[in-house]
Amino acid sequence: MAFGVLLLALRRGYRWLVELATRRLGEHFEKLEKGSVNLIQARQLWQGLHGIFKALRLVLTLVILYLYLNYVLELFPWTRPVSRGLFDLVMDPLRVMGTALIRYIPDLVFLAILVVVTRYVLKLAKLFFAGIEQGRIKVASIDGELAEPTYRIVRLLILVFAVVVAYPYIPGSESRLSRGSPFCLA
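We now turn to the structure provided with this report.

Rules of the game
- Residues numbered from 1 in each chain as written.
- Predicted model: local features only at pLDDT ≥ 70, side-chain atom pairs only at ≥ 80, totals over all residues.
- Heavy atoms only, no water.
- Patch = residues over 30% accessible without salt bridge, like charges linked within 9 Å, V, L, I, M, F, W, Y side chains within 5 Å.
- Areas by Shrake-Rupley, 256 points an atom, 1.4 Å probe, with all protein chains shown as cover.
- Salt bridge = Lys/Arg side-chain N within 4 Å of Asp/Glu carboxyl O.
- Lys, Arg positive; Asp, Glu negative; His and termini not counted.
- Charge placed at Lys NZ, Arg CZ, Asp CG, Glu CD.
- Helix = DSSP H or I, 4+ residues; strand = E, 2+ residues; numbered from the N terminus.
- Axes fitted to C-alpha atoms, helices over the stretch in contact; angles between N-to-C directions.
- Parallel < 35°, antiparallel > 145°, perpendicular 65-115°, else oblique.
- Left-handed = near helix turned anticlockwise from the far one by under 90°.
- Contact = heavy atoms within 4.5 Å.
- Nonpolar A, V, L, I, M, F, W, Y, C, P; charged D, E, K, R; others polar.
- Buried < 20%, exposed > 50% of the residue type's maximum accessible area, 1.4 Å probe, protein only.
- Expected span 1.5 Å × (residues − 1).
- Bend = angle between axes of the 7 residues up to and from the residue.
- Phe/Tyr/Trp six-rings, centres within 6.5 Å; stacked < 30°, edge-to-face > 60°.

1. Some remarks on a positive patch on the surface
Argument step 1. There is a patch of like positive charges on the surface, built from Arg11, Arg12, Arg15, Lys54 and Arg57.
Argument step 2. When contributions to the positive patch are tallied by element, the ones reaching two or more residues are α1 (2-35) and α2 (42-75).
Argument step 3. In terms of residue count, α1 provides more of the positive patch than any other element does, three residues in total.
Argument step 4. Mapped onto the fold, arginine 12 is located in helix α1.

2. Regarding the packing of helix α3 (residues 80-134) against helix α4 (residues 147-166)
Relative placement of two packed helices is described by the angle separating their axes and the distance separating the axes.
Argument step 1. Look at α3 against α4: their axes get within 10 Å of each other, and the N-to-C directions meet at 170°. The angle between α3 and α4 falls in the class roughly antiparallel. In terms of crossing hand, the pair formed by α3 and α4 is right-handed. Packed against α3, whose contacting residues are Phe110, Leu111, Leu114, Thr118, Val121, Leu122, Ala125, Lys126, Phe129, Ile132 and Glu133, the element α4 presents Ala147, Glu148, Thr150, Tyr151, Val154, Arg155, Ile158, Leu159, Ala162, Val165 and Ala166 at the interface.
Argument step 2. Class assignment of the residues belonging to the contact of α3 with α4 gives a composition of 16 nonpolar, two polar and four charged.

3. Observations regarding a nonpolar patch on the surface
Argument step 1. On the surface, a nonpolar cluster with roughly 700 Å² of combined accessible area is contributed by Leu101, Ile102, Ile105, Leu108, Val109, Ile113, Val117 and Val121.
Argument step 2. Locating valine 117 in the fold gives a position in helix α3.
Argument step 3. The class for valine 117 is partly exposed, based on a relative accessible area of 44%.

4. Describing the side chain of threonine 79
Argument step 1. Within the element layout of this structure, threonine 79 appears in the loop between α2 and α3.
Argument step 2. The exposure class assigned to threonine 79 is buried, which follows from its relative accessible area of 15%.
Argument step 3. Setting aside its immediate chain neighbours within four residues, threonine 79 contacts Val72 and Leu73.

5. Here's the deal with α3
Every α-helical turn comprises 3.6 residues, leaving residues that sit three or four positions apart pointing alike.
Argument step 1. Between its first and last C-alpha, α3 extends 78 Å over 55 residues, near the 81 Å set by a 1.5 Å rise per residue.
Argument step 2. At isoleucine 105, α3 shows its largest kink, close to 45°, and the proline proline 106 lies no more than four residues downstream.
Argument step 3. Taken residue by residue, α3 has Ser83, Leu86, Tyr104, Leu111, Leu114, Thr118, Leu122, Ala125, Phe129, Gly131 and Ile132 as its buried positions.
Argument step 4. With its phi angle positive at about 85°, glycine 135 sits one or two positions after the end of α3.

6. Observations concerning the side chain of threonine 118
Argument step 1. In this structure, threonine 118 sits in helix α3.
Argument step 2. By relative accessible area, threonine 118 is classed as buried at 12%.
Argument step 3. Beyond its immediate chain neighbours, meaning those up to four positions away, threonine 118 contacts Ile158, Leu159 and Ala162.

7. Describing the packing of aromatic side chains
Between two aromatic rings, the relevant description is the distance of the centres plus the angle of the planes.
Argument step 1. For the structure shown, the criterion picks out four aromatic pairs.
Argument step 2. Ring plane angle 25° and centroid distance 5.4 Å describe the contact between phenylalanine 76 and tryptophan 78, whose orientation is recorded as stacked.
Argument step 3. Here tryptophan 78 falls in the exposed class, since its relative accessible area comes to 66%.
Argument step 4. Seen in terms of ring centroids, phenylalanine 128 and phenylalanine 129 are 5.2 Å apart; in terms of plane orientation they differ by 80°. Their pairing is edge-to-face.
Argument step 5. Taking the relative accessible area as the measure of exposure, phenylalanine 128 reaches 35% and is therefore partly exposed.
Argument step 6. Looking at phenylalanine 129, the relative accessible area reads 8%, which means it is buried.
Argument step 7. By way of ring pairs, the aromatic residues Phe128, Phe129 and Tyr151 are connected into one cluster.

Have a look at this one:
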């Protein structure tokens, strides 16, 4: 009975949340779309928000289902071991994922810093070659007409270098599958 009431409350809460978001954020999404010169579309923002709401609803439904199942299994003496095993069945994958996330935080921070540095190096290179193209910067070996093609080559080299530096820090890059081992499926 309580399980059904919780699911009904969750369903109504979901509807209420969607209506509240529609009332409160509708104008803001439209203003954001107009201000971004249509780079960001209100429809995409709504789809993303609805996706978040649906994921939240799914997670809460699964939690309610788990609690209900755990309660029912705990009622009978012969199913109590199953109830206690159910907790481990749910918590072990969450514990493994949490541990992996914590272990990869330094690598993710390094990757974020690398992305920021690479963006600024690319901007600096673009400014440098734009200066050559406009004649503000004089380089004997690069003509103004060759500045744009040279910039494209330099940009490609910078991006390739950034990918090579980033690769060891990408989670999963140390697996046999990512190294192309012929025995990775064995």
